[in-house]
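# Close look at the chain arrangement
Residues per chain are reported as follows:
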Amino acid sequence: MTASFLTHFDAEGQVHMVDVGSKDGTDRLARAGGSIAMQSETLALIVAGAAKKGDVLGVARVAAIQGAKRCSELIPLCHPVALTRVAVEFEIDAGQNTVHCEATAECHGRTGVEMEALTAVSVALLTIYDMCKAVDRGMRLSDIRLLEKRGGKSGVWQATD
């Protein structure tokens, strides 16, 4: 793939922020997911609410929302987006000693919210790691990816696997 296919490069190959000024605002949604695997004892602490630092999933949910709201401060070429909703859900997978996270970001705007949803998941999983690292430094974040996006010129996209 050459730079001409990447929207963050101009005709001369220089990095730039995409001009969305002439685009019409549409309702936009993005859903992302990811997981963190850990020792069974660590998962038990999270489920029981017995982690030394407090309610791990509650704090991770708030961190995810904050991460989505501050995405443009972290990712250099992201536009600031006026989010209308960020939802974060966790699923405990006791069989795999894993917490799965899914985040949905929505707005009415000129650019999508994929990066906001991905940032929300990443920050949620990093927060879980931070809150539990004293008992389990071997936790593994994985499979952070876009699951779905809606709105804008390209319409609907869904992950197929």
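Residues numbered from 1 in each chain as written. Predicted model: local features only at pLDDT ≥ 70, side-chain atom pairs only at ≥ 80, totals over all residues. Heavy atoms only, no water.

The end-to-end C-alpha distance of helix 2 (residues 56–69) is 20 Å, a good match for the 20 Å that 14 residues give at a rise of 1.5 Å each. Buried within helix 2 we find Val56, Leu57, Ala60, Ala63, Ala64, Gly67 and Ala68. Taken end-on, helix 2 shows its buried residues confined to a sector of 135 degrees, consistent with a single buried face. Helix 2 presents Val62 and Lys69 as exposed residues on the side facing more than 90 degrees away from its buried surface. (Helix = DSSP H or I, 4+ residues; strand = E, 2+ residues; numbered from the N terminus. Expected span 1.5 Å × (residues − 1). Buried < 20%, exposed > 50% of the residue type's maximum accessible area, 1.4 Å probe, protein only. Arc of directions from axis to C-beta.)

All right, on to unusual backbone geometry then. One non-glycine residue with positive phi stands out, namely Asn97, at about 50 degrees. With respect to the helices and strands, Asn97 occurs in the loop between strand 2 (83–93) and strand 3 (98–109). Despite not being glycine, Asp143 shows a phi value in the positive range, around 55 degrees. Mapped onto the fold, Asp143 is located in strand 4 (residues 140–150).

Next up on the list: the environment of Glu89. Counting through the fold element by element, Glu89 comes out in strand 2. When the C-alpha positions of Glu89 and His100 are compared, they lie 8.3 Å apart, and in sequence the two are 11 residues distant. With near-sequence residues (within four places) excluded, Glu89 lies in contact with Arg61, His100, Cys101 and Glu102. (Contact = heavy atoms within 4.5 Å.)

This part is about the nonpolar core. In this structure, Met38, Phe90, Val99 and Ile128 are the most contacted members of the largest nonpolar core, which totals 33 residues. Going through the elements one at a time, strand 1 (26–37), helix 1 (40–48), helix 2, strand 2, strand 3 and helix 4 (114–132) are the ones with two or more residues in this core. Considering each element in turn, this core owes the most residues, nine residues, to helix 4. Among all residues touching Met38, those that are not within four sequence positions of it are Leu43, Ile46, Asn97, Val99, Ile128, Asp136 and Met139. (Core = buried A, V, L, I, M, F, W, Y, C linked by side-chain atoms within 4.5 Å.)

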